[in-house]
Amino acid sequence: MAPAAVARKEGPAARSTAAGKLSAYKAKRDFTKSPEPAAKRSRAVGHRFAIQRHDARRLHFDLRLELGGVLKSWAVTRGPSLDPADKRLSIHTEDHPLEYLSFEGVIPDGEYGGGTMIVWDHGTWTPDGDAEAAIAKGHLSFTLAGERLRGGWHLIRMRPRAKEKKEQWLLVKVDDEHALASVGGKQLVDAELTSILTGRTNAELAAGGAIRKDHAARRKVAAAKPSSPRARVPKAKKALLPVFLEPSLATLVEKAPAGPEWLHEIKHDGYRLQARIDGHSVKLLTRKGLDWTSKFGAVADGLRELKLGSALIDGEVVVEAESGISSFSLLQEAISAGRSDRMVFYAFDLLYVDGSSLEATPLVERKTQLAALLDDVPAGGSVRFSEHIDDDGVAMARHACRLGLEGIVSKRKDQPYRPGRGTHWLKTKCIERQEFVIAGFVPSTTSPKAVGSLILGDYENGKLVYVGRAGTGFTDRVARELWAALDPIKRTTAPFAAKPSVDAARGARWVEPRLVAEVELRGWTADGLLRHAAYKGLREDKDAVDVIRESPKASASAAAKAPSPIASHTFDLTHPDRVLWPDVGLTKQGLAEYYAEVADWILPHVVDRPLSLLRGPNGIGGKCFFQKHAWDGIGEAVQRQTIAGEEILSIRNLDGLVALVQAGSLEIHPWGSKLKDIEHPDRIVFDLDPDEGLTWDAVVEGALEVRERLRHLKLESFVKTSGGKGLHVVVPVAPKVDWATAKAFAKHVVEAMAKDSPDRYTANVAKRARADRIFIDYLRNGRGATAVAPYSTRARAGAPVSVPIGWDELTAGIRPNQFDVQTLPARLRHAEHDAWAGIGKLRQRIDLIRG
DNA sequence: GCCACTG
DNA sequence: CAGTGGCAACGCGGT
DNA sequence: ACCGCG
């Protein structure tokens with residue numbers, strides 16, 4: 001039995017990895033050779049090179065590059081390997097600063113002439129502006145992630161080869177959207193949220209829920225059949241309760257399947273467990289059959305209380321965060337703290353019940369029986385039925401990603417339970433998330449006996465291969481725990497099959513490749529290394545040798561187009577590894593990367609407006625302060641100008657935004673007016689701040705009422721989460737009135753609400769007046785007052801973000817702190833349109849409203 | 001994060 | 001030269 | 001009149 005299982009695991013996966021690599025390489029070659037019109041190609045590439053000499057080990061050629069109208073040339077050596085997989089080129093020349101650059105390129109076989117030359121992004125360094133100029137002019141194309149690069153801004157760290165030179169940073173914009181989106185993410189956990197994915201409203205949910213009805217209907221059908229549901233099991237076979245059944249695993253795909261033969265569940269972010277119930281004895285078994293009952297006491301108790309007789313239930317145990325989304329990190333915390341009271345077991349399959357094996361029974365029937373079995377479990381208890389929907393999988397995946405969930409699992413309704421990985425279960429992820437073997441670590445530079453970054457690898461064709469590092473995502477505590485776990489298994493040599501490169505080995509302490517880390521990433525670089533990898537936790541339920549690369553099976557291969565980059569100027573980003581949000585391990589570099597990633601979304605809301613900042617150069621734990629006026633030493637990317645005797649701070653682009661990050665800005669608060677007309681606001685903000693203990697529904701209701709009242713005044717409004725507890729309702733107006741008028745208008749609206757529902761709303765800041773009410777703060781609309789910007793981070797635990805949402809989403813299960821720096825990019829990537837589309841164009845008049 | 005001021 | 005404090009401001013209610 | 005709070 002066991003050998004067969006192993007063969008099934010290793011065979012296809014290993015093959016697919018190799019095939020993936022091959023096609024990736026081919027895609028690039030195809031692009032290079034594709035007979036595009038010369039004009040088009042030269043715009044993207046803009047240089048020619050000729051092969052000069054070519055021997056068995058090295059390839060030499062001249063690189064001619066037009067820089068600032070001047071043709072320059074270099075001798076280029078490629079080598080030492082001629083392996084087609086090694087596409088790196090290094091420039092060796094004495095006479096030009098570009099010697100420090102490495103290139104990656106593709107050379108047409110046996111030809112002279114044009115080809116794609118791509119700057120290789122690791123450890124590259126430009127001592128002067130030439131490379132930037134070349135990139136800006138499109139003379140060089142730039143890749144950070146090869147085929148998997150997405151359009152948008154990318155933050156590049158440029159490390160000089162020569163140690164004495166200073167490190168610098170560069171922002172590069174890639175304007176081609178590449179088809180291979182990133183996959184993975186977080187998980188949603190309750191049935192209500194499942195329902196949201198169907199687009200049903202809160203009212204419908206409250207009325208019993210379409211999903212529930214669905215199940216009730218199915219149950220009714222089952223019950224209507226001749227005998228009782230349990231006895232009448234098609235294909236159920238009399239059998240003994242198995243000791244353990246190898247779990248069915250889903251294959252990762254890029255795009256969820258559509259069609260009536262599929263059903264879709266939310267992908268839960270926790271530990272896969274099999275509940276084996278044999279009378280009073282309840283065991284919880286991991287995917288390898290280990291008994292973890294003791295770690296999940298509350299779950300076992302919850303199952304015991306069901307008094308099921310005997311059953312084998314497949315499911316996932318999770319811990320829900322405050323936002324209602326399940327979190328793997330929280331689960332691990334709960335386990336290590338020895339408490340299981342917050343854990344929830346989501347049951348999604350039934351393999352055996354009361355003397356009958358259901359392995360051969362079709363899934364939909366198994367789920368129907370499972371639902372019937374769990375019919376009486378209390379809502380909100382520690383055992384829950386994992387609901388599913390029949391809707392189009394692609395749409396469901398999109399909604400799931402927009403809600404910040406990890407992804408979805410699609411299952412064939414008609415298939416029996418099949419242990420091991422198969423294609424009858426498919427998973428689609430919102431954020432790419434994978435396990436890797438920890439091969440070593442770099443000690444923290446900030447605290448002793450703590451890990452600074454992890455050196456990771458995975459098994460490819462049975463060999464451990466370096467895949468990169470994860471240098472963010474550790475909380476202080478976790479960094480010390482990891483050190484404690486890794487220090488005892490230190491070894492002197494790298495555990496990789498091949499000798500690691502200098503880059504890979506820099507600062508490394510090697511360890512026995514035993515531990516498995518779960519890592520979240522945002523794609524792969526051209527060299528097959530991790531991009532933006534963040535550590536998520538240790539996978540104690542997995543063996544290191546099982547960590548083979550898991551890449552999505554593409555439905556249609558998307559050939560890479562040449563990204564067209566625009567580079568900004570180099571700048572400094574000091575202390576990139578400083579941890580600003582210790583609870584989630586978000587670093588300064590991570591913050592800059594976040595803003596680069598959401599640049600297109602946030603910039604329209606923060607550019608050319610006076611800014612106030614909440615700065616905290618030492619993170620949310622250090623001393624933080626507001627700053628409104630410019631100061632000496634802020635770079636040129638941030639504008640300062642004196643208006644009406646005040647030194648106003650503003651930015652014009654992403655360079656400015658990153659300069660704010662460099663200055664230690666944790667929150668960005670723009671004024672409600674534009675720089676060019678500072679005295680006339682074009683945004684009015686209602687800040688709904690609920691008292692402690694108020695339900696979220698009440699806040700939603702409040703926001704909807706604000707919207708309704710504004711509608712009566714013929715004003716369209718927009719809503720965003722605050723990143724804290726409340727909501728912000730924003731009204732775009734024509735900049736026709738002054739601040740005093742705007743504030744008076746907002747006060748008028750809020751006071752009318754407070755007057756009509758004094759038990760629900762107050763316009764009074766006083767603590768007492770706010771008891772059990774929602775304080776609607778209209779004072780944000782005074783001159784110089786500000787509200788946090790859309791997409792700005794908040795200086796609170798979890799690195800939450802203020803996020804614009806559609807009014808239709810508000811009726812669903814979105815929470816004010818639902819999105820954070822980690823989950824928001826996935827939402828934006830899957831967004832069909834901007835939730836605030838049109839806000840910049842509306843010219844609503846409040847000067848015409850009387851009263 | 002950085003400047004200005006202090007001892 | 002190392003150490004340290006500031007880095008917004010506005011309405012409100014309480015003292 | 002002043003202070004502390006958000």
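These numbers were taken from a predicted model, which means no experiment stands behind them.

Once that is clear, we can look at the overall build of chain A. Looking only at helices and strands, one finds 19 helices and 44 strands in chain A. For chain A, buried positions account for 56% of its 851 residues. Of the contacts made within chain A by residues no fewer than 6 positions apart, 70% connect residues no fewer than 24 positions apart.

Further remarks concern empty space enclosed by the protein. As enumerated under the stated definition, the model contains six cavities of 30 Å³ or more in all. The calculated volume of the largest cavity comes to roughly 210 Å³. If you trace the largest cavity, you find 18 residues lining it, with Pro670, Trp671, Gly672, Arg683 and Val685 closest to the centre. Among the residues forming the lining of the largest cavity, the class breakdown is 10 nonpolar, four polar and four charged. Three or more residues apiece are contributed to the lining of the largest cavity by two domains, here domain 4 (579–670) and domain 5 (683–830).

End to end, helix 16 (residues 696–712) covers 25 Å across 17 residues, agreeing with the expected 24 Å (1.5 Å per residue, within 8%). Of the positions making up helix 16, those classed as buried are Trp696, Val699, Val700, Gly702, Ala703, Glu705, Val706, Arg707 and Leu710. Lys714, located one to two residues past helix 16, shows a positive phi value of around 65°.

Another aspect to go through is the packing of helix 13 (residues 588–597) against helix 15 (residues 654–662). The relative placement of two packed helices comes down to the angle between their axes together with the axis-to-axis distance. With their axes 10 Å apart at the nearest point, helix 13 and helix 15 run at an angle of 160° to one another. Relative to helix 15, the element helix 13 lies roughly antiparallel. The crossing of helix 13 and helix 15 is right-handed. The segment helix 13 lies against helix 15, with Lys588, Leu591, Ala592, Tyr595 and Ala596 engaging Leu654, Leu657, Val658, Val661 and Gln662.

Moving on, we come to the domain arrangement of chain A. For chain A, the assigned domains read domain 1 (46–207), domain 2 (237–429), domain 3 (433–546), domain 4 (579–670) and domain 5 (683–830). Once you take the C-alpha centre of each, domain 2 and domain 4 turn out to be 44 Å apart.

Surveying the vicinity of DNA strand C reveals the residues Lys623, Phe625, Phe626, Gln627, Lys628, His629, Asn764, Ala766, Tyr778 and Leu779. By atom count, sugar and phosphate contribute 52% of the portion of DNA strand C lying within 4 Å of the protein. For DNA strand C, a base nitrogen lies 3.2 Å from a polar atom in the side chain of Lys623. Among the residues forming the surface near DNA strand C, the class breakdown is five nonpolar, three polar and two charged.

The next point concerns the packing of aromatic side chains. We describe a pair of aromatic rings using the distance from one ring centre to the other and the angle between the two ring planes. Scanning all chains against the criterion turns up 11 aromatic pairs. Their ring planes at 65° and their centres at 5.0 Å tell us that Tyr594 and Tyr595 sit as a pair that is edge-to-face. Neither residue differs from the other here; Tyr594 and Tyr595 are each classed as buried. The aromatic ring of Trp292 is capped on one face by Lys295, whose charged end is 4.2 Å from the ring centroid. The lysine or arginine in question, Arg412, covers the ring of Trp262, its NZ or CZ lying 5.9 Å from the ring centre.

Reading across the sheet, the three strands line up as 35-34-38 and stay open at both edges, with antiparallel pairing between neighbours. Edge positions in the sheet fall to strand 35 (625–627) and strand 38 (665–670), since each has one partner strand and no second. Recorded for the sheet is a direction-independent mean angle of 20° between the axes of neighbouring strands. Strand direction decides the pairing type here: strand 34 (residues 611–615) and strand 38, joined by five bridges, are antiparallel. Looking at strand 38, one finds that Ser612 is bridged to His669.

Excluding glycine, residues mostly have negative phi values, and the peptide bonds linking residues are mostly trans. Phi is positive for Asn461, close to 55°, though the residue is something other than glycine. Locating Asn461 in the fold gives a position in the loop between strand 25 (451–460) and strand 26 (463–470). Exposure remark for Asn461: the relative accessible area of 62% places this residue in the exposed category. One non-glycine residue, Ala644, lies in the positive phi region at around 50°. As for its position among the elements, Ala644 is in the loop between strand 36 (638–643) and strand 37 (646–651). A relative accessible area of 62% means that Ala644 is categorised as exposed.

For DNA strand B, the full set of nearby residues is Thr574, His575, Arg578, Lys588, Arg615, Pro617, Lys623, Phe625, Asp632, Gln662 and Ala663. Backbone atoms, meaning sugar and phosphate, make up 57% of the atoms of DNA strand B lying within 4 Å of the protein. Within the side chain of Arg578, a nitrogen or oxygen atom sits 3.1 Å from a phosphate oxygen of DNA strand B. By residue class, the composition of the surface near DNA strand B is three nonpolar, three polar and five charged.

Throughout the structure, instances matching the rule amount to 41 salt bridges. Residues Lys367 and Glu265 are paired through a salt bridge, measuring 2.5 Å at the closest nitrogen-oxygen approach. In this pair, Lys367 is assigned in helix 9 (residues 363–373) and Glu265 in strand 13 (residues 262–266), connecting sequence segments 102 residues apart. Each member of the pair Lys367 and Glu265 is classed as buried. The salt bridge involving Arg412 is made with Asp414; its shortest N-O contact spans 3.0 Å. Taking relative accessible area as the criterion, Arg412 reaches 25% and is therefore assigned partly exposed. By relative accessible area, which is 40% here, Asp414 ends up partly exposed. Here the salt bridges do not stand alone but share partners, grouping Asp269, Arg433, Glu518, Glu520, Arg539 and Asp541 into one network.

This part takes up helix 11 (residues 476–486). Among the residues making up helix 11, those that are buried are Val478, Ala479, Leu482, Trp483 and Leu486. The buried residues of helix 11 occupy one face: seen down the axis, they fall within an arc of 140°.

The subject of this paragraph is the sheet that holds strand 43 (residues 774–777). As summarised here, the arrangement of the six strands in space is 42-43-39-41-40-44, forming an open sheet in which the pairing is mixed. Whereas interior strands pair on both sides, the edge strands pair on one side only; in this sheet they are strand 42 (761–762) and strand 44 (804–805). The pairing of strand 39 (residues 683–690) with strand 43 spans four bridges and is antiparallel. Bridge assignment links Asp687 to a residue of strand 43, and that residue is Asp777. Packing against the sheet, helix 16 makes contact with strand 39, strand 41 (727–732), strand 42 and strand 43, and its axis sits at approximately 10° to strand 41. Where helix 17 (residues 739–756) meets the sheet, it contacts strand 39, strand 42 and strand 43, and its direction lies at approximately 35° from that of strand 39.

Look at helix 16 against helix 17: their axes get within 11 Å of each other, and the N-to-C directions meet at 120°. Our classification of the angle between helix 16 and helix 17 gives oblique. Seen along the crossing, helix 16 lies across helix 17 with a hand that is right-handed. Every residue of helix 17 that contacts helix 16 at Gly702, Glu705, Val706, Arg709 and Leu710 is listed here: Phe745, Ala752, Met753 and Asp756. Classifying every residue of the contact of helix 16 with helix 17 by side-chain character gives five nonpolar, one polar and three charged.

Here the focus is the side chain of Thr472. With respect to the helices and strands, Thr472 occurs in the loop between strand 26 and helix 11. Taking the relative accessible area as the measure of exposure, Thr472 reaches 18% and is therefore buried. There is a polar contact of 2.6 Å between the side chain of Thr472 and the backbone oxygen of Gly585. Residues in contact with Thr472, not counting those within four places in the same chain, are Ala533, Ala534, Tyr535, Gly585, Leu586 and Thr587.

Definitions and limits used
- Residues numbered from 1 in each chain as written.
- Chains lettered and ligands numbered in written order.
- Predicted model: local features only at pLDDT ≥ 70, side-chain atom pairs only at ≥ 80, totals over all residues.
- Heavy atoms only, no water.
- Helix = DSSP H or I, 4+ residues; strand = E, 2+ residues; numbered from the N terminus.
- Buried < 20%, exposed > 50% of the residue type's maximum accessible area, 1.4 Å probe, protein only.
- Contact = heavy atoms within 4.5 Å.
- 1 Å grid on protein atoms, 1.4 Å probe; cavity = no way out; pocket = protein on both sides within 12 Å on 5 of 7 lines; lining within 4 Å.
- Points joined across faces, edges and corners; volume = space filled by probe spheres on them.
- Nonpolar A, V, L, I, M, F, W, Y, C, P; charged D, E, K, R; others polar.
- Domains from an automatic or database assignment.
- Expected span 1.5 Å × (residues − 1).
- Axes fitted to C-alpha atoms, helices over the stretch in contact; angles between N-to-C directions.
- Parallel < 35°, antiparallel > 145°, perpendicular 65-115°, else oblique.
- Left-handed = near helix turned anticlockwise from the far one by under 90°.
- Near = heavy atom within 4 Å.
- Polar contact = N/O pair within 3.5 Å; in protein donor to acceptor, adjacent residues only side chain to side chain.
- Phe/Tyr/Trp six-rings, centres within 6.5 Å; stacked < 30°, edge-to-face > 60°.
- Lys NZ or Arg CZ within 6 Å of the ring centre and 35° of its normal.
- Pairing = 2+ DSSP bridges.
- Salt bridge = Lys/Arg side-chain N within 4 Å of Asp/Glu carboxyl O.
- Arc of directions from axis to C-beta.

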